[in-house]
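Here are the chains, one letter per residue:
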Amino acid sequence: MVLTKRIIPCLDLKDGRVVKGTHFVGLRDAGDPVELAQRYNEQGADEVVFLDITATRENRGTIIDVVQRAADQLFLPLTVGGGIRTIDDMKQILRAGADKVSINSSAVQDPELISRGAERFGTQCIVVAIDVRRNYEMAPGLTPVALGDGRECWYEVVTHGGSRPTGIDAVAWAIEAEERGAGEVLLTSMETDGTKEGFDIPITRAISEGVGIPVVASGGVGTLEHFYGGFTEGKADACLAASVFHYGEFTVRQVKEYLAGRGIPVRL
């Protein structure tokens, strides 16, 4: 049986509204999250991701309300991330109607959170989001990744919206996340986020080849070809995009029809 590739719109939330920026800054309002999610539902999205990018305790009430409203109206899987630090946070989000929770900075700070979450709710509920940046200072023990221009680098895990380097090797961290019980990796390259120049293929492929769980490619879609490249060159299981959907450049259906026409198995 051939597994279909997924197309996932991502809605970055701030104060209960959808926003979009470049490299996580310069945010513009893109609309009401539930209205947008409903539109993607109708267009045939396989899933929707809500990320509370300000991720502060004050916004927790807002995101719970948004999740409940979305879950009441949507018939597709919903992944929610941002500010989830404890098992209780996970429980609240899942109880509000989310199908999966996405943890990022909190997983780096407390890797056991992955194991505890997987044990409590099942691996299928736990997504580990990994934000990465290229680092050209190679050292022993790091995973070298060859770039298209012939240079070599390693990819460093960054947290807090890409602002904090951690010294952690991204490929090794993805493997550890899987071992601890993550059911999926959501990979965003800060190099390409918001640029519309395509996914960061070298790291997407390295992590996809390194783990046995699905990898969602994120950061940089600008054309239909970029989705195709994410699946073929990047070997991703799903491609996530935001602004090309929010601002009406493509519909989910257009993307899927294009991919189907090029031999990528998608659910139409």
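Reading the values: rules and limits
Residues numbered from 1 in each chain as written. Predicted model: local features only at pLDDT ≥ 70, side-chain atom pairs only at ≥ 80, totals over all residues. Heavy atoms only, no water. UniProt positions renumbered as here; feature names shortened; annotations may be inferred. Helix = DSSP H or I, 4+ residues; strand = E, 2+ residues; numbered from the N terminus. Rg over C-alpha atoms; globule rule 2.2 N^0.38 Å. Contact = heavy atoms within 4.5 Å. Areas by Shrake-Rupley, 256 points an atom, 1.4 Å probe, with all protein chains shown as cover. Buried < 20%, exposed > 50% of the residue type's maximum accessible area, 1.4 Å probe, protein only. Axes fitted to C-alpha atoms, helices over the stretch in contact; angles between N-to-C directions. Left-handed = near helix turned anticlockwise from the far one by under 90°. Nonpolar A, V, L, I, M, F, W, Y, C, P; charged D, E, K, R; others polar.

In the annotation of an unreviewed UniProt entry, the entry for the chain reads Imidazole glycerol phosphate synthase subunit HisF, and the organism field reads Methanoculleus caldifontis. In its Subunit (unreviewed entry) section, the UniProt entry covering the chain states "Heterodimer of HisH and HisF." UniProt, in the comment section headed Catalytic activity (unreviewed entry), describes the chain in these words: "5-[(5-phospho-1-deoxy-D-ribulos-1-ylimino)methylamino]-1-(5-phospho-beta-D-ribosyl)imidazole-4-carboxamide + L-glutamine = D-erythro-1-(imidazol-4-yl)glycerol 3-phosphate + 5-amino-1-(5-phospho-beta-D-ribosyl)imidazole-4-carboxamide + L-glutamate + H(+)".

Quick notes on the overall build of the chain
Helices and strands together make up the secondary structure of the chain, namely 10 helices and 13 strands. Relative to its length of 268 residues, the chain is compact, with a C-alpha radius of gyration of 17 Å against a globular reference of 18 Å. Contacts in the chain between residues far apart in sequence, at least 24 positions, make up 65% of those at least 6 positions apart. Roughly 11,300 Å² of accessible area belongs to the chain as shown, and the carbon and sulfur atoms make up 49% of that amount.

Brief notes about helix α5 (residues 112-121)
An α-helical turn contains 3.6 residues, so a residue and the one three or four places further along point in the same direction. Within the sequence span of α5, burial applies to Leu 113, Ile 114, Ser 115, Gly 117, Ala 118 and Phe 121. Those residues of α5 that are buried lie in contact with α3 (87-95), β6 (100-103), α4 (105-109), β7 (126-135) and α6 (170-180). With its phi angle positive at about 100°, Gly 122 sits one or two positions after the end of α5.

So, the packing of α6 against helix α7 (residues 201-210)
Direction vectors running N to C along α6 and α7 enclose 35°, while the axes themselves pass 9 Å from each other. In terms of crossing hand, the pair formed by α6 and α7 is right-handed. Along its contact with α6, which presents Ala 170, Val 171, Ala 174 and Ile 175, the element α7 presents Ile 203, Ala 206, Ile 207 and Gly 210. Here the residues of the contact of α6 with α7 sort into seven nonpolar, one polar and no charged.

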